[in-house]
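Given next are the chains, with one letter for each unit.
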Amino acid sequence: MEFGFVDCHCHISARDFEEDLEDVIQRTTEGGVNLVAVTEEAGEFDRVLQLQDHYPHLVAPCFGLHPLQGGEGPGRRSVKPQVRRPGELDAALPQLYRHRERLVAIGERHKLITAPLEHICLETDSPALGPHNCERNEPHNIALSCRYIDAVKGVSPQTVQLAATQNAQQLFLKIKSCCSQVPEMA
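In what follows, the accompanying structure is described. (Residues numbered from 1 in each chain as written. Predicted model: local features only at pLDDT ≥ 70, side-chain atom pairs only at ≥ 80, totals over all residues. Heavy atoms only, no water.)

1. Description of the overall build of the protein
Within the protein one finds six helices and four strands. The secondary structure elements of the protein, listed N-terminal to C-terminal, are β-α-β-α-β-α-β-α-α-α. In the protein, which comprises 186 residues, the proportion classed as buried is 46%. Counted over contacts in the protein with a minimum sequence separation of 6, partners at least 24 positions apart contribute 69%. Accessible area of the protein: about 10,000 Å², with a carbon and sulfur share of 54%. (Helix = DSSP H or I, 4+ residues; strand = E, 2+ residues; numbered from the N terminus. Buried < 20%, exposed > 50% of the residue type's maximum accessible area, 1.4 Å probe, protein only. Contact = heavy atoms within 4.5 Å. Areas by Shrake-Rupley, 256 points an atom, 1.4 Å probe, with all protein chains shown as cover.)

2. Notes on the pairing of strand S2 (residues 33–38)
Burial analysis of S2 places six of its six residues in the buried class, the great majority of the element. Residues Val33, Leu35 and Ala37 line one face of S2 and the alternating positions Asn34, Val36 and Val38 line the opposite face, and both faces are buried. The pairing of strand S1 (residues 5–10) with S2 spans four bridges and is classified as parallel. Paired with phenylalanine 5 across the bridge in S2 is valine 33. Assessed by its sense of winding, the connection that carries the chain from S1 through helix H1 (residues 21–30) to S2 is right-handed. Of the pairings in the sheet, the one linking S2 to strand S3 (residues 59–63) comprises four bridges and is parallel in character. When the bridges of S3 are listed, alanine 37 appears paired with proline 61. With helix H2 (residues 45–54) bridging S2 and its parallel neighbour S3, the resulting β-α-β unit is right-handed. (Pairing = 2+ DSSP bridges. Right-handed = clockwise from strand over helix to strand, strands pointing away.)

3. Re H2
Taken residue by residue, H2 has Phe45, Val48, Leu49, Leu51 and Gln52 as its buried positions. When H2 is viewed along its axis, its buried side chains cluster within an angular range of 155° and face the same direction. Across H2 from its buried face, at more than 90 degrees, point the exposed residues Asp53 and His54. (Arc of directions from axis to C-beta.)

4. Remarks on the pattern of salt bridges
The final tally for this structure, using the stated rule, is four salt bridges. Here aspartate 20 ties to arginine 27 by a salt bridge, and the two come within 3.9 Å at their closest N and O atoms. Taking relative accessible area as the criterion, aspartate 20 reaches 22% and is therefore assigned partly exposed. The class of arginine 27 is partly exposed, set by a relative accessible area of 30%. A salt bridge links arginine 136 to glutamate 138; its shortest N-O distance comes to 2.6 Å. Taking relative accessible area as the criterion, glutamate 138 reaches 7% and is therefore assigned buried. Through salt bridges that share partners, Asp20, Arg27, Arg136 and Glu138 make up one connected network. (Salt bridge = Lys/Arg side-chain N within 4 Å of Asp/Glu carboxyl O.)

5. Observations concerning the nonpolar core
In a soluble, globular protein the nonpolar side chains are often hidden away together inside. The biggest cluster of nonpolar side chains holds 26 residues, and the ones touching the most others in it are Phe5, Ile12, Leu21, Leu35, Tyr55, Val59 and Leu122. Looking at this core, the elements with two or more residues in it are S1, H1, S2, H2, helix H4 (142–153) and helix H5 (157–171). Here this core gets four residues from one element, more than from any other, and that element is H4. With residues near it in sequence (within four places) discarded, leucine 122 still touches Phe5, Val6, Asp7, Cys8, Ile142, Ser145, Cys146, Ile149, Val160 and Ala164. (Core = buried A, V, L, I, M, F, W, Y, C linked by side-chain atoms within 4.5 Å.)

As structure tokens, this is what we get:
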């Protein structure tokens with residue numbers, strides 16, 4: 001495919017990637033994927049910014065506090081909404097303000113496969129939701145999402161890729177300044 005992908009929801013700062021981050025980044029780059037690196041808790045903010053500093057043409061930071069995570073460190077996950085620690089959002093606000101020029105977004109979005117193509121962005125949610133049971137997901141697997149949507153919509157993968165990338169550019173206005181592989185919008 002001639003256009004780059006934008007993975008609109010990737011946890012590249014997750015501990016799951018610590019041991020082989022360089023390999024993951026290489027596969028991501030070879031796959032033509034740019035990353036919107038989302039956080040689940042304020043403790044990840046600095047790590048995402050470090051990744052952007054190290055990979056400025058690949059990583060675009062997005063700070064968020066996940067409603068289904070316990071907020072007591074990575075690995076504490078639940079399918080039930082958790083009560084955030086008192087003052088956690090207030091404590092995160094200064095960091096959100098201080099880094100506002102570097103962020104492409106704040107918060108999280110929901111997605112619908114049945115939405116019109118002009119409303120769809122692609123995401124992997126890596127390292128979660130790997131292509132096989134108990135397998136870690138990586139950003140380069142974004143093509144799997146693209147192929148699934150092209151089958152559902154009955155259009156070419158190139159059409160999905162271009163539309164999703166353009167949608168990501170409209171949603172994340174700063175993505176072009178952060179990522180080198182994002183094509184110009186038509």
